[in-house]
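# Remarks on the overall topology
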Amino acid sequence: MIDGLVRGLGELVLDAFLTKTGRGLWGLAGLKPHDLVSMFSGMIFWTAVGLFTYAKMSG
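Given the structure is predicted, the values throughout are model-derived calculations rather than measurements.

Looking now at the overall build of the protein chain. Scanning the protein chain from N- to C-terminus turns up 2 helices and 0 strands. Since a compact globule built from 59 residues should have a radius of gyration of about 10 Å, the 14 Å found for the protein chain marks it as more spread out than a globular shape. Its C-alpha atoms give the protein chain principal-axis dimensions of about 45 × 35 × 10 Å. Split into buried and exposed, the 59 residues of the protein chain put 14% on the buried side. Carbon together with sulfur atoms contributes 73% to the accessible area of the protein chain, which is approximately 4,900 Å² in total. Between the centroid of the 5 positive side chains of the protein chain and the centroid of its 4 negative side chains there is a distance of 11 Å.

Shown next, in the form of structure tokens:
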């Protein structure tokens, strides 16, 4: 029961947060990449946002 809940939550985060962000970024260039490429693009984007936010908050 708990394993299925954790797995479902993980898939939701990957799909809704990372993959859709990556698709949106590639969509700006008019491209439709594979889901794996979209997911990695989303991870890179959100990592960059996190680093910039950390740098701004640190001073």
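The next point concerns the packing of aromatic side chains. One pass over the full model with this rule turns up 2 aromatic pairs. An angle of 15 degrees between the planes, with centres 4.9 Å apart, marks the rings of Phe17 and Trp46 as stacked. Taken together, the residues Phe17 in helix α1 (residues 2-28) and Trp46 in helix α2 (residues 35-58) connect sequence positions 29 residues apart. With relative accessibility at 42%, the residue Phe17 sits in the partly exposed group. A centroid spacing of 5.0 Å and a plane angle of 75 degrees characterise the contact between Phe45 and Trp46, whose relative ring orientation is edge-to-face. Residue classification places Phe45 among the partly exposed residues on the basis of a relative accessible area of 33%. On the accessibility criterion, Trp46 (32% relative accessible area) is partly exposed. Ring pairing ties together the aromatic residues Phe17, Phe45 and Trp46, which thus form one cluster.

Definitions and cut-offs
- In this convention, every chain numbers its residues from 1, walking through the sequence in written order.
- Restriction of local features to residues with pLDDT of at least 70 applies here, the model being predicted, together with a cutoff of 80 or more for giving and counting side-chain atom pairs; totals for whole chains, interfaces and linings are based on all residues.
- Working from all heavy atoms in the structure, the side-chain values ignore hydrogens and water.
- A helix here means a DSSP run of H or I that spans at least four residues, while a strand means a run of E at least two residues long, and both kinds are numbered starting from the N terminus.
- Put simply, the radius of gyration uses C-alpha atoms, and a globule should come to 2.2 Å times the residue count raised to 0.38.
- Relative accessibility under 20% of the residue-type maximum defines a buried residue, over 50% an exposed one, and the middle range a partly exposed one, all with a 1.4 Å probe and only protein chains included.
- Per-residue accessibility takes into account occlusion by the displayed protein chains alone, with areas from the Shrake-Rupley method and a 1.4 Å probe.
- In this count, Lys and Arg are taken as positive residues and Asp and Glu as negative ones, while His and the chain termini are left out.
- Positions of charges follow a simple convention, taking NZ of Lys, CZ of Arg, CG of Asp or CD of Glu.
- Between the rings of Phe, Tyr and Trp (Trp by its six-membered ring), a pair exists once the centres lie within 6.5 Å; its type follows the angle of the planes, with under 30 degrees stacked, over 60 edge-to-face, and the other angles tilted.

None of the figures reported here should be taken as evidence of function without further support.
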